[in-house]
Amino acid sequence: MEKISIFIVSDSVGETGELVAKAAISQFRPGMQDVAVRRFPHVENHEQLNEIVQLAKVQDAMVVYTLVKEEMRDFTKRLCDRKGIPNIDLMGPTMDMFTAALQVEPIEEPGLVRKLDDDYFKKIEAIEFAVKYDDGRDPRGLLKADVVLIGVSRTSKTPLSQFLAHKRLKVANVPLVPEVEPPEELFLVPTEKCFGLVISPEKLNSIRKERLIALGLSDHANYAKVERIDEEINHFYRIVERIGCPVIDVTNKAVEETANDILRRLKD
């Protein structure tokens, strides 16, 4: 049986070209017997193309290419045709169709699909991290986090964690309660990664009363009393002083505003 060699030439990683080539050749060689598929990823210039096409000539290989730049596609075709090498452009006809339909020229930047995929999976990973390490569930997450949020109950730690997760940041948060000593890991977190969230006692009193009512409980419970709130906030400041982290007042801030404040501080 005649051996078949296929060169996959791409300005990205070459996955698309390899998958299409294998799907097509499997119709003729179902077990891929005597089929050699070789990838040439991240091809960026004419010199590389010259070397690949020359090698394809020596090895009697076919060339399948997925190149987003029209100039590179044209150069590859001319080179292969001149040397009598079977070749096919998988990207050009599809891009031409979209150009005609959308009336917009392509930006011709290699690897955008992979960048989008990587970005998507980073976001999902960050969201799952925020859920796993929400509300101090597992202190081990504190040392893995990009951002650690601390604060008393009802200072928007959870929604803020999720908002930042959508910005691809791994966020853990720890509620501070006077009766419970914070985990040791909290004091090992670099101060620039830790942010304390504080709110005015009056605002917190109002929020907690509404929360109790929503749960069908009396708004006179200790949870919403001003004395209890003062005690919790004083405890919060004692912990913040030990850590040395910045404090953000979220009293009149939307979650998005607080998130942007944190992002700015991280960038600085």
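Numbers given to residues run from 1 along each chain, matching the order in which its sequence is written. The predicted nature of this model means local features are confined to residues of pLDDT at least 70 and side-chain atom pairs, given and counted, to a pLDDT of 80 or more, with totals for whole chains, interfaces and linings taken over all residues. The side-chain figures draw on all heavy atoms in the structure; neither hydrogens nor water molecules are used.

**Q** Quick question: what am I supposed to make of the packing of aromatic side chains here?
**A** Here a ring pair, both rings aromatic, is described through the centre-centre distance and the interplanar angle of the planes. Whether two aromatic rings pair depends on their centres lying within 6.5 Å, for rings of Phe, Tyr and Trp, where Trp uses its six-membered ring; planes under 30 degrees apart make the pair stacked, over 60 edge-to-face, and the rest tilted. What the rule picks out here adds up to four aromatic pairs. When the centroid spacing of 5.3 Å and the interplanar angle of 70 degrees are considered together, the rings of Tyr120 and Phe121 count as edge-to-face. Between Phe236 and Tyr237, the aromatic rings sit 5.2 Å apart at their centres with planes inclined by 70 degrees, giving edge-to-face as the arrangement. Think of it in three bands: residues with accessible area under 20% of the maximum for their type are buried, residues over 50% are exposed, and the middle band is partly exposed, with areas taken using a 1.4 Å probe on protein chains only. Residue classification places Tyr237 among the partly exposed positions, given a relative accessible area of 40%. Lysine NZ or arginine CZ positioned within 6 Å of the ring centre and within 35 degrees of the ring normal marks a charge as sitting over the ring. Directly above the aromatic system of Tyr223 lies the positively charged group of Arg208, at a separation of 4.4 Å from the ring centroid.

**Q** I tried to follow the sheet that holds strand β6 (residues 171–175) on my own but got confused; where do I start?
**A** Hydrogen bonding along the main chain pairs the strands of a sheet, whether they run parallel or antiparallel. Any two strands with at least two DSSP-identified bridges between them are counted as paired. Every helix listed is a DSSP run of H or I at least four residues long, and every strand listed is a run of E at least two residues long, numbered separately from the N terminus. Judged by pairing direction, the sheet is parallel, and its four strands sit side by side in the order β6-β5-β7-β8 without closing on themselves. Where the open sheet ends on each side, the last strands, each with one partner, are β6 and β8 (247–249). The average undirected angle you get between the axes of adjacent strands in this sheet is 25 degrees. Relative to β8, strand β7 (residues 194–198) is paired through three bridges, and the arrangement is parallel. Across the sheet, residue Val198 finds its bridge partner in β8, namely Asp249. Contacts: residue pairs with any heavy atoms within 4.5 Å of one another. Here the axes come from fitting lines to C-alpha atoms, over the contacting stretch only for helices, and the angles between their N-to-C directions go from 0 to 180 degrees. Lying over the sheet, helix α6 (residues 157–165) contacts β5 (147–151), β6 and β7, oriented at roughly 175 degrees with respect to β6. Of the strands in this sheet, β5, β7 and β8 touch helix α9 (residues 255–267), which is tilted by about 150 degrees from β8.

**Q** What is the right way to look at the sheet that holds strand β4 (residues 87–89) in this model?
**A** With parallel pairing, the four strands of this open sheet are ordered in space as β2-β1-β3-β4. The sheet is open, and its two edges are formed by β2 (35–40) and β4, each paired on a single side. If you compare each strand with its neighbour and ignore which way they point, the axes differ by 15 degrees on average. Here strand β3 (residues 62–66) runs beside β4; their pairing, made up of three bridges, is parallel. When the sheet's bridge partners are listed, Val64 is paired in β4 with Ile88. The strands that helix α1 (residues 15–25) touches are β1 (4–10), β2 and β3; relative to β1, the one it contacts most, it runs at about 155 degrees. Of the strands in this sheet, β1, β2 and β3 touch helix α2 (residues 46–58), which is tilted by about 170 degrees from β1.

**Q** Explanation requested: the pairing of β2 in the structure shown.
**A** Taken residue by residue, a regular strand's side chains alternate between the two faces of the sheet. Here six bridges tie β1 to β2, and the two strands are oriented parallel to one another. In the sheet register, Val9 faces β2, and the bridge partner there is Phe40. Handedness of a crossover: with both strands directed away from the viewer, a clockwise path from the first strand across the helix to the second marks it as right-handed. The parallel pair β1 and β2, bridged by α1, forms a crossover whose chirality is right-handed.

**Q** Just to check I follow, could you spell out unusual backbone geometry for this structure?
**A** A negative phi holds for most residues other than glycine; trans holds for most peptide bonds. Phi at Glu108 is positive, roughly 55 degrees, even though this residue is not glycine. By the secondary structure assignment, Glu108 is in the loop between α4 (92–102) and α5 (112–132). A residue is classified by how much of its surface remains accessible, and Glu108, at 27% relative accessible area, is partly exposed.

**Q** What should I look at first to understand α9 in this one?
**A** Owing to its 3.6 residues per turn, the α-helix aligns residues three or four sequence positions apart on the same side. Expected helix span is computed as 1.5 Å times (number of residues minus one). Taking 1.5 Å per residue as the helical rise, α9 with its 13 residues ought to reach 18 Å, and the 18 Å between its terminal C-alpha atoms agrees with that figure. Buried residues of α9: Thr258, Ala259, Asp261 and Ile262, and no others. Projection of α9 onto a plane perpendicular to its axis shows the buried side chains occupying an angular sector of 155 degrees, all on one side. Each element contacted by the buried residues of α9 is listed here: β5, α6, β7 and β8. Read the arc as the range of directions from the helix axis to the C-beta atoms.

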